[in-house]
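Fold and geometry: a report
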Amino acid sequence: MSRHLGLGIGWRPELALAIEQRADVGFIELLAEDFWSDRAPPVAVEQLRSRGVAVVVHGVSLSLGGADLPDRDRLHALARLARNVDAPLVSEHLAFVRAGGIESGHLLPLPRTREALDIVVRNVRAAQAVLPVPLALENIATLFEWPRAEMSEAEFIAEVLERTGALLLLDLANLHANARNHALDPLEFLDRIPLDRIAYVHVAGGFTGADGLYHDSHAHAVPAPVLGLLGEICSRTAPHGVLIERDDRFPLDAVLNAELDAVAAAMNYRGPRRAAPAAMLHA
Amino acid sequence: MPEMSLADQQAALVAALTAEGPVPAGFDPTRLSAAADALAFKRARSVANAWPSLRAMLGGDFRETFAAYAAVAPLPAHGGALADGRRFARFIARQLDLSDDARMQALAIDARYRETEAGLLRRRVPALRAAWLRNRRSVVLAFGEHRYRLQSPLRPGR
């Protein structure tokens, strides 16, 4: 039901060279908000595309969990970008980012109630009606929870997927962060989500702050427990793709390559699945 | 407590996280405070990354100056850290002379984006904008991606 993607990394200008030099990268994510007012994606991204690398459009500001319907302009910008880069998927978060006219600048959790569930389902359907490709929804990390939850996060996610037909972008770093910060069992979460709906998987780094909480920073190495969860999910199913997110404190190429190698090893990945050009077969 | 709509509950939560609004009933105040700190840190860090000229100009005062700005200026809806930084530059310029590098960065943004209440919007037609660079004693004109420098014939000093 979903396309094979392989080993992936979130494309950032600071990583462009390292990504270009890595022949086994099968897909990248493009941060939608950084590029949707541009006439064309960056040249380096076009070069990757010509090599057969798939480009998933990843949004952070649609606010699918907001009380209002998703903003038409943002939705159409996402759709336009997805067409421009021939994206197999668009991904967004099960979160809200603004309310009462204020931008939070971050992904905020939803109350896990029937009322919120109905609103998310309505918003996801509105987004699906505009997007030209399947939509994958990502579980977020949160430092706090809403009171009076009527269901677990896994149950909430499973029901949204069931009612909308959306795919899941399973973020293992976020799962680890929530498990740590809310004393939950991440394996129980994995038991309850529909594995056959996973479009691809995210991994990323974080750190434990002075407040004792685990912060999903995307600015540190992918920690062992997150790689452990990746091994766990790969033992239960073969994800179509696994992508590393790194947004800040960019590492040396060698460090990044070691992380990509560790991810490739966990998913038993042997390079992108695409036809070799004829010239290469005769070389 | 009367039932609040989801919209009102979300608005109260965002106010608590970004504008020192009261902690909504039932939430853990310690955790909300940690989340508010994380949001503030992320916002400042994003602007520092998007506006290296302002980071270089303010040096060790960046965080404190940015916090003073963020306390009175909500995050723009469009343009992300670029837009936030453009407003921050105006905030700084009321008290300090912007460095030549910061003026050049602001000039580059102004030639390509329109500044609105909602943030930065890309111009359909590039605009002509000018900046006076004091240390380089020149005026730089920007038109879209193009730059023209007019050097002052007057020499600095005597």
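For clarity, every value in this text was computed on a predicted model and none was experimentally measured. (Residues numbered from 1 in each chain as written. Chains lettered and ligands numbered in written order. Predicted model: local features only at pLDDT ≥ 70, side-chain atom pairs only at ≥ 80, totals over all residues.)

**A look at the interface of chain B and chain A**
One frequent convention defines the size of an interface as the accessible area lost when the parts assemble. Counting residues at the interface gives 28 residues for chain B and 25 residues for chain A. Its residues assigned to classes, the side of chain B that touches chain A shows 17 nonpolar, five polar and six charged. (Contact = placed C-beta atoms within 7 Å. Nonpolar A, V, L, I, M, F, W, Y, C, P; charged D, E, K, R; others polar.)

**Observations concerning the sheet that holds strand 3 (residues 128–133) of chain B**
Sheet strands associate in pairs through backbone hydrogen bonding, adopting either a parallel or an antiparallel arrangement. Residues and elements named next belong to chain B. Reading across from one edge, 3-4-5 is the order of the three strands in this open sheet, with antiparallel pairing throughout. The sheet is open, and its two edges are formed by strand 3 and strand 5 (146–151), each paired on a single side. Geometrically, the sheet is characterised by an average inter-axis angle of 20° between neighbouring strands, direction not taken into account. Across six bridges, strand 3 lies against strand 4 (residues 138–143) in antiparallel orientation. Opposite Ala-131, over in strand 4, you have Val-140 as the bridge partner. The strands touched by helix 6 (residues 100–112) are strand 3 and strand 4; relative to strand 3, the strand with the most contacts, the crossing angle is about 175°. (Pairing = 2+ DSSP bridges. Helix = DSSP H or I, 4+ residues; strand = E, 2+ residues; numbered from the N terminus. Axes fitted to C-alpha atoms, helices over the stretch in contact; angles between N-to-C directions.)

**A few points about helix 10 (residues 253–266) of chain A**
Residue and element names in this part refer to chain A. Compared with an ideal rise of 1.5 Å per residue, which puts 14 residues at 20 Å, helix 10 spans 20 Å between its outermost C-alpha atoms and is within 8% of the ideal. Among the residues of helix 10, Leu-260, Val-263 and Ala-266 are the ones counted as buried. The arc that holds the buried residues of helix 10, viewed along the axis, is 120°, so those residues lie on one side. Buried residues in helix 10 make contact with strand 1 (6–10), strand 9 (198–204), helix 9 (224–236) and strand 12 (241–245). (Expected span 1.5 Å × (residues − 1). Buried ≥ 20, exposed ≤ 12 C-beta atoms within 10 Å, placed from the backbone. Arc of directions from axis to C-beta.)

**Some details on the packing of helix 9 of chain A against helix 10 of chain A**
Residues and elements named next belong to chain A. With their axes 9 Å apart at the nearest point, helix 9 and helix 10 run at an angle of 25° to one another. Relative to helix 10, helix 9 is oriented roughly parallel. As for the relative orientation of helix 9 and helix 10, their crossing is right-handed in sense. Along its contact with helix 9, which presents Leu-227, Leu-230, Gly-231 and Cys-234, the element helix 10 presents Ala-262, Val-263 and Ala-266. Taken together, the residues that form the contact of helix 9 with helix 10 break down as six nonpolar, one polar and no charged. (Parallel < 35°, antiparallel > 145°, perpendicular 65-115°, else oblique. Left-handed = near helix turned anticlockwise from the far one by under 90°.)

**Focus on the nonpolar core**
The tendency in soluble globular proteins is for nonpolar side chains to be buried as a group. Ranked by internal contacts, the top residues of the largest apolar core, which has 94 residues, are Leu-168 and Val-203 of chain A. Sequence-distant contacts of Leu-168 of chain A, defined by excluding residues within four places in its chain, comprise Ala-136, Leu-137, Ile-157, Leu-161, Ile-193, Arg-197, Ile-198 and Ala-199 of chain A. Grouped together as the second largest cluster of nonpolar side chains are 19 residues, Trp-51, Ala-81, Ala-106 and Leu-120 of chain B included. (Core = buried A, V, L, I, M, F, W, Y, C linked by C-beta atoms within 7 Å.)

**Observations concerning the confidence of the model for chain B**
One rule of thumb: low pLDDT means the predicted coordinates there are not for detailed reading. All names here are of chain B. Per-residue confidence for chain B gives a mean pLDDT of 91; residues scoring 70 or more make up 95%. For chain B, the element scoring lowest by mean pLDDT is strand 5, at 85; helix 3 (residues 52–58) scores highest, at 97. Reported confidence for the predicted complex is 0.91 by ipTM and 0.91 by pTM. (pLDDT = per-residue confidence, 0-100.)

**A closer look at the packing of helix 5 (residues 80–93) of chain B against helix 6 of chain B**
Residue and element names in this part refer to chain B. Two elements in contact, helix 5 and helix 6, have axes whose closest approach is 11 Å; the angle formed by their N-to-C orientations is 130°. Looking at the two axes, helix 5 sits oblique to helix 6. Between helix 5 and helix 6 the crossing geometry is left-handed. Judged by residue contacts, Leu-82, Arg-86 and Ala-89 of helix 5 engage Ala-102, Ala-106 and Ile-109 from helix 6. A class-by-class count of the residues in the contact of helix 5 with helix 6 yields five nonpolar, no polar and one charged.

**Description of the sheet that holds strand 3 (residues 54–58) of chain A**
All names here are of chain A. The strand order 1-2-3-4-7-8-9-12 describes a closed barrel built from eight strands, whose pairing is parallel. Averaged over all neighbouring strand pairs, the angle between strand axes comes to 30°, with direction disregarded. As paired strands, strand 4 (residues 90–93) and strand 7 (residues 135–138) are joined by four bridges and run parallel to one another. Across the sheet, the residue bridging to Val-90 is Leu-135, located in strand 7. Here helix 7 (residues 172–181) sits on the sheet in contact with strand 8 (167–171) and strand 9, set at roughly 60° to strand 9.

**Some details on the environment of Phe-144 of chain A**
Checked against the element boundaries, Phe-144 of chain A lands in the loop between strand 7 and helix 6 (153–164). You can call Phe-144 of chain A buried: it has 22 C-beta atoms within 10 Å. If near-sequence neighbours (up to four positions away) are discounted, Phe-144 of chain A is found in contact with Phe-27, Asp-28, Arg-31, Leu-32 and Ala-35 of chain B.

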